[in-house]
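# Notes for the structure review
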Amino acid sequence: MSSSLAAHLSRRPGAARAVPDVVLKGVGHTYSSGASRPVLALTPTDLTIDGGAMVALVGPAGSGKSTLLEILAGTFLPTAGEVLLGGAPVAGPGRGGLVIRPSESAEPRADIARALATRPHLLLLDEPFAGTDSSDRERRQEELRSIWKETGTTIVVATRRAVDAVPLATRVLVLSAGPGEIVRDVHVDFAQRDLPVGVLQADPDLARFTAQLRVA
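Residues numbered from 1 in each chain as written. Predicted model: local features only at pLDDT ≥ 70, side-chain atom pairs only at ≥ 80, totals over all residues. Heavy atoms only, no water.

As a further point, take the pairing of strand E9 (residues 171-175). Buried residues dominate E9, accounting for 5 of its 5 residues. Along E9, one buried face is formed by Arg171, Leu173 and Leu175 and the opposite face, lined by Val172 and Val174, is buried too. In this structure, strand E3 (residues 54-58) lies alongside E9, joined through 4 bridges in parallel fashion. Following the sheet pairing, Ala56 is matched in E9 by Val172. Here E9 pairs with strand E10 (residues 182-187) via 5 bridges, running antiparallel. Among the inter-strand pairings, Arg171 is bridged to a residue of E10, identified as His187. What sits between E9 and E10 in their antiparallel hairpin is a turn of 6 residues. (Buried < 20%, exposed > 50% of the residue type's maximum accessible area, 1.4 Å probe, protein only. Helix = DSSP H or I, 4+ residues; strand = E, 2+ residues; numbered from the N terminus. Pairing = 2+ DSSP bridges.)

Written as structure tokens, this is what we have:
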């Protein structure tokens, strides 16, 4: 891990701070704009994410992944239901969630470092491996796993490619094509396996699991 990023890491929570659970109660979202017909982006969803989880949120384009991240962060208010963080409603930004969308002009490590400096309860990454080659992608995966192990922050990684995020995960949520609906919810142990990501990628168990998810 780079020294600049490591400087922003807090100790794994426990005595230092509790990591709250995230609870979605009937959370759904419909986009409306003027004369156009409303578009249902996310089907009403009930979900609990344990504090300190590493979640792979996987689905095709248009499945509501980005919408769900924004709702978790409080930057979008759902049109149905509510989000609770540690039992308190998320009614706007500032309740501990940050969405990061790495761009070609920005180094993701710097974005994550700035986010961690605010000690968020949720780190929400939207397609963090897009546009990377295999070596850069593996480096980012290793770094993200190290961040999770060092900080205990709850992390949700949204991606269209299961192979990018599942090796890092303690839980995998699969969204259907729009309107988004959680069609698979599986707890896994890939994040806890003490193996380099490159070695884990070659694990037959991982290959079989990602194949049966029926996403890329």
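Turning our attention to unusual backbone geometry. Between Gly178 and the following residue, Pro179, the backbone shows a cis peptide bond with an omega angle of -5°. Within the fold, Pro179 resides in the loop between E9 and E10. Positive phi, normally seen in glycine, also occurs at Glu127, with a value near 50°.

A separate point is empty space enclosed by the protein. Take a probe with the size of a water molecule and roll it over the atoms, and the empty space left behind shows itself. Tallied over the entire structure, the rule returns 3 cavities of 30 Å³ or more. By volume, the second largest cavity amounts to about 40 Å³. Forming the walls of the second largest cavity are Leu24, Leu47, Ile49, Val55, Leu57, Leu68, Leu72, Val156 and Leu173. Looking at the lining of the second largest cavity, the elements that each hand over two or more residues are strand E2 (39-49), E3 and helix H2 (65-73). Here the residues of the lining of the second largest cavity sort into 9 nonpolar, no polar and no charged. (1 Å grid on protein atoms, 1.4 Å probe; cavity = no way out; pocket = protein on both sides within 12 Å on 5 of 7 lines; lining within 4 Å. Points joined across faces, edges and corners; volume = space filled by probe spheres on them. Nonpolar A, V, L, I, M, F, W, Y, C, P; charged D, E, K, R; others polar.)

With that out of the way, let us pick up the sheet that holds E9. Ordered by their spatial adjacency, 6 strands build an open sheet running E6-E7-E8-E3-E9-E10, and the pairing between neighbours is mixed. Where the open sheet ends on each side, the last strands, each with one partner, are strand E6 (97-100) and E10. Pairwise comparison of adjacent strand axes, ignoring direction, gives a mean angle of 15° for this sheet. In terms of strand pairing, E3 meets strand E8 (residues 154-159) through 5 bridges, oriented parallel. Residue pairing for E8: Val55 is matched across the bridge by Val156. Against the sheet, H2 touches E3, E6, strand E7 (122-126), E8 and E9, its axis set at about 160° to E7. (Axes fitted to C-alpha atoms, helices over the stretch in contact; angles between N-to-C directions. Contact = heavy atoms within 4.5 Å.)

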